[in-house]
Amino acid sequence: MSATWRLGDLTVNRIGFGAMRLAGRVAFGSDQRGRDRAIAVLRRAVELGVNHIDTAAFYFTGDLAANDLIREALAPYPDDLVITTKVWPARHPDGEWWWATPEQLRGQVEDNLRALGRDRLDVVNLRVPPSGRDGSIAEHFGALAGLREAGLIRHLGVSNVTAEQLAEAQAIAPVVCVQNAFGVGAPAQERELLRGCGEQGIAYVPFFAIAGAGRESGTGTGEHEAVEEVVKEVARAHGASPAQVRLAWTLAQGPHVLAIPGTGDLDHLAENVAAGALRLSADDLTRLNGLSG
């Protein structure tokens, strides 16, 4: 397992686990995984040293929901286990999306508390909608800050934000992490935000570090073939998989960078955790850093 970083006063290993795919092979799709298999993956993740799990109440498919699976697999929870969730987006039982008002965030937080079986959430990220990246998040983040003061939340983070929105949130309450889409070929402004987080001691937690531009749709990376070929060449040189190279590159961006790869497969889980021991050479990093998606 790789080194550690902090989410506020909570110490986590830098390779965590993303729960998005626990309830289905294709995120938010209709291909269900068995409950037993998902529970086995969660328990094995903890056995391998994972102590940071990222989840959300809207991670569900059919009758399987990530938060329920986490509680069933791991409660009573290990003392060092940190569970991070996110609010603002939500889904109706039929899968249709909706976005909470500031006043509705308390209900979302309470839903997570009930499903996870916890009295207080370790970290809650305010997940900004794609259409909201140019607007203010002060009203929503302020509502979360109030829930933190009320004792329902230990630490706050933000997700899918710009540098300006991060600064806006920090003026309201401490921010312990930024969770944005990031991977090989990330744009310059996102790399700059990552560096800025490091300078401030804020954890930067990329999602889609392996999946790339395919993201929730499950359609693949969508990156240029030249990018894929370089990743594969580096992987062959190390006897590693392309996914491991992407994770190793992600962790090499700074000690404050955490990874939360998700899977519903035990073999892929072991492969992801093993990526924490993969050390890329300076030449590897130069080649990968120079790529654009």
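Okay, so let's go over this structure. All values derive from a computational prediction rather than experimental measurement. (Residues numbered from 1 in each chain as written. Predicted model: local features only at pLDDT ≥ 70, side-chain atom pairs only at ≥ 80, totals over all residues. Heavy atoms only, no water.)

1. Here's the deal with the overall build of the chain
Counting secondary structure elements, the chain contains 10 helices and 13 strands. Compactness check: the chain gives a C-alpha radius of gyration of 18 Å against a globular reference of 19 Å for 293 residues, within 12% of the reference. Once the C-alpha set of the chain is aligned to its principal axes, its extents read approximately 50 × 45 × 35 Å. Among the 293 residues that make up the chain, the fraction classed as buried is 55%. Within the structure as shown, the chain displays about 12500 Å² of accessible surface, and the carbon and sulfur contribution to it stands at 48%. (Helix = DSSP H or I, 4+ residues; strand = E, 2+ residues; numbered from the N terminus. Rg over C-alpha atoms; globule rule 2.2 N^0.38 Å. Buried < 20%, exposed > 50% of the residue type's maximum accessible area, 1.4 Å probe, protein only. Areas by Shrake-Rupley, 256 points an atom, 1.4 Å probe, with all protein chains shown as cover.)

2. As for the layout of surface pockets
In this model, the second largest pocket occupies a volume close to 360 Å³. Around the second largest pocket, the lining comprises 22 residues; the ones closest to its centre are Ala57, Phe58, Phe60, Arg91 and Asp111. Contributions of two or more residues to the lining of the second largest pocket are made by helix 2 (66–74), strand 7 (82–87), strand 8 (89–91) and helix 3 (105–116). At 5 residues, the largest contribution of residues to the lining of the second largest pocket is made by helix 3. (1 Å grid on protein atoms, 1.4 Å probe; cavity = no way out; pocket = protein on both sides within 12 Å on 5 of 7 lines; lining within 4 Å. Points joined across faces, edges and corners; volume = space filled by probe spheres on them.)

3. A look at the packing of aromatic side chains
The full count for this structure, using the stated rule, is 6 aromatic pairs. Seen from their ring centres, phenylalanine 182 and tryptophan 249 are 5.5 Å apart, and the 10° between their planes marks the pair as stacked. Of the two residues, phenylalanine 182 is situated in the loop between strand 12 (177–179) and helix 6 (188–200) and tryptophan 249 in helix 8 (residues 242–251); the sequence distance between them amounts to 67 residues. Tryptophan 249 matches phenylalanine 182 in its accessibility class, with the two residues each being buried. Stacked on the ring of phenylalanine 60, the Lys or Arg arginine 91 has its end atom at 4.1 Å from the ring centre. Here the guanidinium or amino end of arginine 118 rests over the ring plane of tyrosine 77, the centre of that ring lying 4.7 Å away. (Phe/Tyr/Trp six-rings, centres within 6.5 Å; stacked < 30°, edge-to-face > 60°. Lys NZ or Arg CZ within 6 Å of the ring centre and 35° of its normal.)

4. What to know about the nonpolar core
By size, the foremost hydrophobic cluster in this structure holds 76 residues, and its most contacted members are Phe17, Ile70, Val109, Leu144, Val158, Val178 and Leu288. Apart from residues no more than four positions distant in its own chain, leucine 144 is found in contact with Val87, Leu105, Val109, Val124, Leu126, Ile153 and Leu156. By size, the runner-up hydrophobic cluster in this structure holds 12 residues, among which are Trp5, Leu7, Val12 and Cys177. (Core = buried A, V, L, I, M, F, W, Y, C linked by side-chain atoms within 4.5 Å. Contact = heavy atoms within 4.5 Å.)

5. A short note on the side chain of asparagine 13
By the element assignment, asparagine 13 lies in strand 2 (residues 10–13). Overall, asparagine 13 belongs to the buried group, its relative accessible area being 14%. Reaching out from asparagine 13, the side chain makes a polar contact with the backbone oxygen of glycine 49 at a distance of 2.5 Å. (Polar contact = N/O pair within 3.5 Å; in protein donor to acceptor, adjacent residues only side chain to side chain.)

6. A word on the pairing of strand 7
Among the 6 residues that make up strand 7, 6 are buried, leaving the element largely enclosed by the rest of the structure. Sheet topology note: the strand 4 (residues 52–54)/strand 7 ladder contains 3 bridges and is parallel. Paired with histidine 52 across the bridge in strand 7 is valine 82. (Pairing = 2+ DSSP bridges.)

7. What about the packing of helix 2 against helix 3?
In contact at an axis separation of 8 Å, helix 2 and helix 3 are set at 35° when each is read in the N-to-C sense. Residues Asn67, Asp68, Ile70 and Arg71 of helix 2 pack against Asn112, Arg114, Ala115 and Leu116 of helix 3. Each residue belonging to the contact of helix 2 with helix 3 can be placed in one class, and the counts come to 3 nonpolar, 2 polar and 3 charged. (Axes fitted to C-alpha atoms, helices over the stretch in contact; angles between N-to-C directions. Nonpolar A, V, L, I, M, F, W, Y, C, P; charged D, E, K, R; others polar.)

8. Some remarks on the pattern of salt bridges
Following the criterion strictly, the structure yields 14 salt bridges and no others. Its salt-bridge partner being aspartate 265, residue arginine 37 comes within 3.0 Å of it at the nearest N-O pair. Linking arginine 37 in helix 1 (residues 35–47) with aspartate 265 in the loop between helix 8 and helix 9 (266–274), this pair joins segments that are 228 residues apart in sequence. With relative accessibility at 40%, the residue arginine 37 sits in the partly exposed group. On the basis of relative accessible area, aspartate 265 is assigned to the buried category, the value being 17%. For glutamate 233, the salt bridge is made with arginine 287, and the minimal N-O distance between the two is 2.5 Å. Separated by 54 residues along the polypeptide, glutamate 233 in helix 7 (residues 225–238) and arginine 287 in helix 10 (residues 282–289) bring together distant segments of the chain. Judged by its relative accessible area of 31%, glutamate 233 falls in the partly exposed class. (Salt bridge = Lys/Arg side-chain N within 4 Å of Asp/Glu carboxyl O.)

9. Thoughts on the state of the cysteines
Under the counting rule described, the total for this entry stands at 0 disulfides. There is no disulfide at cysteine 177, and the cysteine sulfur nearest it, in cysteine 197, is 9.2 Å away. (Disulfide = S-S within 2.5 Å.)

These results come straight from atomic positions and should not be treated as a statement about function.
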